[in-house]
Each structure stands twice: as C-alpha cells, then as structure tokens.
Amino acid sequence: MRRHEPTFSEIIKGRCSFAGINLGDLEKKAGIPHTTMWKRMKDGEWTRGQIKQMHRFLHFTEADMKVFVEGR
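What counts and how
Residues numbered from 1 in each chain as written. Predicted model: local features only at pLDDT ≥ 70, side-chain atom pairs only at ≥ 80, totals over all residues. Heavy atoms only, no water. Helix = DSSP H or I, 4+ residues; strand = E, 2+ residues; numbered from the N terminus. Rg over C-alpha atoms; globule rule 2.2 N^0.38 Å. Buried < 20%, exposed > 50% of the residue type's maximum accessible area, 1.4 Å probe, protein only. Contact = heavy atoms within 4.5 Å. Areas by Shrake-Rupley, 256 points an atom, 1.4 Å probe, with all protein chains shown as cover. Lys, Arg positive; Asp, Glu negative; His and termini not counted. Charge placed at Lys NZ, Arg CZ, Asp CG, Glu CD. Salt bridge = Lys/Arg side-chain N within 4 Å of Asp/Glu carboxyl O.

Participant: In this structure, what is going on with the overall build of the protein? I would like to understand it.
Facilitator: The secondary structure content of the protein amounts to five helices and zero strands. Taken from N to C terminus, the helices and strands of the protein fall in the order α-α-α-α-α. Compactness check: the protein gives a C-alpha radius of gyration of 12 Å against a globular reference of 11 Å for 72 residues, within 12% of the reference. Within the span of the protein, comprising 72 residues, buried residues form 32% of the whole. Of all intrachain contacts in the protein linking residues separated by at least 6 positions in sequence, the fraction that spans at least 24 positions is 57%. Accessible surface, the protein as shown: approximately 5200 Å² in total, 54% of it carbon and sulfur. Computed over 14 positive and 9 negative side-chain charges, the inter-centroid distance for the protein is 3 Å.

Participant: Explain the environment of T7 here, please?
Facilitator: For T7, the position within the fold is in the segment before α1 (8-19). Setting aside its immediate chain neighbours within four residues, T7 contacts V67 and R72.

Participant: Please explain the side chain of R40 as it appears in this structure.
Facilitator: Within the fold, R40 resides in helix α3 (residues 34-43). Beyond its immediate sequence surroundings of up to four residues, R40 is in contact with S9, E45, W46 and Q50.

Participant: Explanation requested: the side chain of E27 in the structure shown.
Facilitator: The topology assignment puts E27 in helix α2 (residues 23-30). In this structure E27 is buried but unpaired, with K28 as the nearest side chain of opposite charge at 6.8 Å. When near neighbours in sequence (up to four residues on either side) are disregarded, E27 contacts I32, H34, M37 and W38.

Here is the structure:
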C-alpha cells in the first residue's frame, strides 16, 4: 500500500490550521506579498527569509524542514 508523502505546501496549510490562522493572516504577519505567497505555494521555491518569517508563527519541526530540503 502506498503512503501519501506530504508536500511543504500541505505542511504550511496544516501548521496554519494548527496555529488557528489562515494563509491570508500568515501573509500579513510574515510580510509576504499575496502573489508571492501563492506562487511559492505552487512552485515551492521559498527563500530562507520567507521560511524564517513563517517559522516565527508556524514553528516548523525538524521533519517539516526535511520535507522542504527534499523539495517536496
């Protein structure tokens, strides 16, 4: 049986839900423009600064960052 491997975008959405915020709130808090946020959610080409800003609110785990580094 095949197991679903989450993408980093799915992790961001899940972390937002866990933190009780939506993606629009995250954009504002992290200072990421709306168009950039949606583009990065699709292509996964986040910058280090964007990850750091989101981490302040979402508290990524080591496993989350492994998914990011693997490029999923």
